[in-house]
Amino acid sequence: MHHMTLAEIARGLADKQFSSEELTKVLLARIAQLDPQLNSFISLTEELALNQAAAADARRAKGESGALLGAPIAHKDLFCTQGIRTSCGSKMLDNFKAPYDATVVAKLAAAGAVTLGKTNMDEFAMGSANESSYYGAVKNPWNLEHVPGGSSGGSAAAVAARLLPAATATDTGGSIRQPAAFTNLTGLKPTYGRVSRWGMIAYASSLDQGGPLARTAEDCAILLQGMAGFDPNDSTSIDEPVPDYSANLNGSLQGLRIGVPKEYFSAGLDPRIAELIHDSVKTLEKLGAVVKQISLPNMQHAIPAYYVIAPAEASSNLSRFDGVRFGHRCENPENLMDLYKRSRGEGFGVEVQRRIMVGAYALSAGYYDAYYLKAQKIRRLVKNDFMAAFNEVDVILGPTTPNPAWKLGAKDSDPVAAYLEDVYTITANLAGLPGLSMPAGFVDGLPVGVQLLAPYFQEGRLLNVAHQYQLHTDWHTRTPTGF
Ligand code: GLN
């Protein structure tokens, strides 16, 4: 039962082959048995799950239907869940029970999804390896000595290990696409503004976007359908109609113009990954796509710009965690300054502290123009590159990451080495564009992802291309040994 995708579960529930309650029990037992190896959950919500499953079964018995009605999922632990711990992977929020549900959580619950728990993540979504979590590192089911990627590493490891079919995640600089690539999943970062950020604990507000992590494009379409849409509670949410993503997966790729940026194939890319990317291009050509080389000349400036903008926004967003308004409070403070200093010093881990310092520095009076303003100008240039490219092509294709998943601890002493691994993903966040990563093969037994980018609000196009690719390849069906 645990091998089923969301689409298969929906059919099984509709045909009464099993109930949501039966499926939920199977998956909860599987999590109890296997998750100790992975550490992919911070909290389990068994009681809620069983109640939601029973309610979904009752709704189906009354004749209701829907692809998510009774479907088991989990939420990355930065989506607020009413009455349930929402830790953001931090000691700062270890005892925080959200007083309300995030819009994404409420929408999925209304559609009948069953929440099995809250997944592990890098602290405040800062990281690419899920090693900065207060609750410990997450292991990659493909090789337990390797990282699953981050910051949505818990959602990725759990779905890859078949503990559940799909999970929510968020992507500020790659945190949906990169863990998808590292664990052989399909993950979609929607257009900025497509999915509500209300109740999603902020890291960098102008970059953060929630989206689905699943095994197939078909399942990403189902989960995105439940997440997307205008939300008056989020001032950056965009009032655009949500297309029927599942109904549009079967479009032909005949004549689809794929752009492959020449800058992607630089010295930093593992040549074995480059090979697999070329293979995926060939597959798409066979399906009718036309491939063309393009250029994104400002790509090289994206990492430095991102690592000014994201920490700057983080330093501002995280100022609310001061031990007074929100978050961990130290014991016996001597005065107000001591309370702030010790509460924040104890509550935040090293990576979060590093970024708060970098961000506060970049925003400070003497340096604002030199760093923050400059980074914003680069951001516009990155966006302009994409706008020019999308005049010529329908999608942009390349690797999701320059290397496969590294070993746990391998980048501990060199944070910049980890930042450089974001080179292919962060440009989409800087520009606000949608991006998808899908399985494209293996290197040393570790999964490799191919990334597709599209113009604003063309999530449907990405899902269509990925679905057609998955009908003609079987990388996405491979299962890690032992799971
Ligand atoms: N690795 C990037 C960072 O640490 C992206 C993280 C994310 O997308 N949340 O900022």
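Placed above this text is the structure.
### Focus on the sheet that holds strand β5 (residues 186-189)
Sheet strands line up and pair through hydrogen bonds in the backbone, either parallel or antiparallel.
Thought 1: If you trace the 11 strands from one edge of the open sheet to the other, you get β1-β3-β2-β4-β6-β5-β10-β11-β9-β7-β8, paired in mixed fashion. Whereas interior strands pair on both sides, the edge strands pair on one side only; in this sheet they are β1 (41-44) and β8 (290-294). Shown here is a sheet whose adjacent strand axes are inclined to one another by a mean of 30°, direction ignored.
Thought 2: In this sheet, strand β11 (residues 446-453) lies alongside strand β10 (residues 435-443) in antiparallel orientation, the contact comprising eight bridges. Each bridged residue has a counterpart across the sheet, and for Met-438 the counterpart in β11 is Val-450.
Thought 3: Packed onto the sheet, helix α7 (residues 217-227) meets β2 (72-76), β4 (166-170), β5 and β6 (210-214) and runs at close to 150° relative to β6.
Thought 4: Its contacts with the sheet put helix α8 (residues 271-286) on β7 (257-261), β8, β9 (395-399), β10 and β11, and the angle it makes with β9 is roughly 145°.

### Some points on the site of the ligand
Thought 1: Taken together, the neighbourhood of the ligand is formed by 15 residues, with Thr-172, Gly-173, Ser-175, Tyr-203 and Tyr-306 sitting nearest.
Thought 2: Between the ligand and Gly-174, the relevant distance is 3.3 Å, taken from an oxygen atom to a main-chain nitrogen or oxygen of the residue.
Thought 3: Measuring from an oxygen atom of the ligand, one finds a side-chain N or O atom of Tyr-203 at 2.6 Å.
Thought 4: When the ligand is considered free in solution it has 290 Å² of accessible area, and contact with the protein chains removes 99% of it.
Thought 5: Of all the cavities here, the one that holds the ligand is the largest cavity.
Thought 6: Here the shell around the ligand is composed, by residue class, of five nonpolar, seven polar and three charged.

### Notes on the pattern of salt bridges
Thought 1: Evaluated as defined, the whole model comprises 19 salt bridges.
Thought 2: Across the pair Lys-282 and Asp-279 runs a salt bridge, and its minimum N-O distance is 3.8 Å. Pair noted here: Lys-282 and Asp-279 are both in helix α8, with a separation of three residues, about one helical turn.
Thought 3: Ionic pairing is found between Glu-351 and Arg-354, a salt bridge with its closest N-O pair at 2.7 Å. One end of the pair, Glu-351, and the other, Arg-354, are both in helix α11 (residues 350-363), three residues apart, so they sit about a helical turn from each other.
Thought 4: For Arg-354, a relative accessible area of 32% translates into the label partly exposed.
Thought 5: If you follow the salt bridges from partner to partner, you end up with Asp-270, Arg-272 and Asp-444 in one network.

### Some details on helix α5 (residues 153-160)
Thought 1: The element α5 is extensively covered by neighbouring structure, given that eight of its eight residues are classed as buried.
Thought 2: Burial in α5 covers these residues: Gly-153, Gly-154, Ser-155, Ala-156, Ala-157, Ala-158, Val-159 and Ala-160.

### A closer look at the pairing of β5
Thought 1: Judged by which residues are buried, β5 turns out to be covered on both faces: Thr-186 and Leu-188 on one side and Gly-187 and Lys-189 on the other are all buried.
Thought 2: Examined bridge by bridge, β5 and β6 share two bridges and lie antiparallel to one another. Residue Thr-186 lies in a different strand from β6, and its bridge partner there is Ala-214.
Thought 3: Strand direction decides the pairing type here: β5 and β10, joined by three bridges, are antiparallel. Residue pairing across strands places Leu-188 opposite Leu-436, the latter belonging to β10.

### Examining the side chain of His-146
Thought 1: When you line up the elements, His-146 lands in the loop between β3 (114-119) and α5.
Thought 2: Once residues lying within four places of it in the same chain are set aside, the contact partners of His-146 are Lys-139, Asn-140, Ala-405, Trp-406, Lys-407, Leu-408 and Leu-446.

### With respect to the packing of helix α2 (residues 20-38) against helix α3 (residues 46-61)
Thought 1: Packing of α2 against α3 brings their axes to within 8 Å, and their N-to-C directions diverge by 155°. In terms of orientation, α2 and α3 fall into the roughly antiparallel class. The way α2 lies across α3 gives a crossing that is right-handed. Each of Ser-20, Glu-21, Thr-24, Lys-25 and Leu-28 in α2 lies in contact with α3, whose residues at this interface are Glu-46, Ala-49, Leu-50, Ala-53, Ala-54 and Asp-57.
Thought 2: Broken down by class, the residue content of the contact of α2 with α3 amounts to five nonpolar, two polar and four charged.

### Topic: α2
Structurally, the α-helix is built with 3.6 residues per turn, so residues lying three or four positions apart point the same way.
Thought 1: Remark: the principal bend of α2, roughly 40°, maps to Ala-32, with a proline, Pro-36, within the next four residues.
Thought 2: Among the residues of α2, Ser-20, Leu-23, Thr-24, Leu-27, Leu-28, Arg-30, Ile-31, Leu-34, Asp-35 and Leu-38 are the ones counted as buried.
Thought 3: Residues of α2 that are buried in the fold lie against α1 (6-14), β1, α3, β2, β3 and α5.
Thought 4: At the C-terminal side of α2, Asn-39 shows a positive phi close to 65°.

### Here we look at the nonpolar core
Thought 1: The biggest cluster of nonpolar side chains holds 104 residues, and the ones touching the most others in it are Phe-124, Leu-284, Phe-386, Ile-396 and Leu-463.
Thought 2: A total of nine residues in this core trace back to one element, the largest contributor, which is helix α9 (residues 302-317).
Thought 3: Discounting residues that sit within four places of it in the chain, Leu-284 has contacts with Leu-253, Ile-258, Ala-289, Leu-397, Val-465 and Tyr-469.
Thought 4: Membership of the second largest hydrophobic core comes to 32 residues, among which are Leu-27, Ala-49, Ala-160 and Ile-176.

### Notes on the packing of aromatic side chains
Thought 1: Within this structure, the stated rule accounts for 16 aromatic pairs.
Thought 2: Aromatic side chains Tyr-307 and Tyr-419 sit 4.0 Å apart centroid to centroid with 10° between the ring planes, which places their arrangement in the stacked category. Separated by 112 residues along the polypeptide, Tyr-307 in helix α9 and Tyr-419 in helix α13 (residues 415-420) bring together distant segments of the chain. The residues Tyr-307 and Tyr-419 share a single accessibility class, namely buried.
Thought 3: Taken together, Phe-124, Phe-321, Phe-326 and Phe-348 form an aromatic cluster joined through their ring pairs.
Thought 4: Geometry around Trp-406 places Lys-411 over its ring, the cationic atom sitting 4.8 Å from the centre.

### Some remarks on empty space enclosed by the protein
Thought 1: Counted under the stated rule, the structure contains one cavity of 30 Å³ or more.
Thought 2: In this structure, the largest cavity occupies an estimated 80 Å³ of space.
Thought 3: Each residue belonging to the lining of the largest cavity can be placed in one class, and the counts come to four nonpolar, six polar and two charged.

Parameters at a glance
- Residues numbered from 1 in each chain as written.
- Predicted model: local features only at pLDDT ≥ 70, side-chain atom pairs only at ≥ 80, totals over all residues.
- Heavy atoms only, no water.
- Pairing = 2+ DSSP bridges.
- Helix = DSSP H or I, 4+ residues; strand = E, 2+ residues; numbered from the N terminus.
- Axes fitted to C-alpha atoms, helices over the stretch in contact; angles between N-to-C directions.
- Contact = heavy atoms within 4.5 Å.
- Near = heavy atom within 4 Å.
- Polar contact = N/O pair within 3.5 Å; in protein donor to acceptor, adjacent residues only side chain to side chain.
- Areas by Shrake-Rupley, 256 points an atom, 1.4 Å probe, with all protein chains shown as cover.
- 1 Å grid on protein atoms, 1.4 Å probe; cavity = no way out; pocket = protein on both sides within 12 Å on 5 of 7 lines; lining within 4 Å.
- Sits in = over half its atoms within 2 Å of the grid points.
- Nonpolar A, V, L, I, M, F, W, Y, C, P; charged D, E, K, R; others polar.
- Salt bridge = Lys/Arg side-chain N within 4 Å of Asp/Glu carboxyl O.
- Buried < 20%, exposed > 50% of the residue type's maximum accessible area, 1.4 Å probe, protein only.
- Parallel < 35°, antiparallel > 145°, perpendicular 65-115°, else oblique.
- Left-handed = near helix turned anticlockwise from the far one by under 90°.
- Bend = angle between axes of the 7 residues up to and from the residue.
- Core = buried A, V, L, I, M, F, W, Y, C linked by side-chain atoms within 4.5 Å.
- Phe/Tyr/Trp six-rings, centres within 6.5 Å; stacked < 30°, edge-to-face > 60°.
- Lys NZ or Arg CZ within 6 Å of the ring centre and 35° of its normal.
- Points joined across faces, edges and corners; volume = space filled by probe spheres on them.

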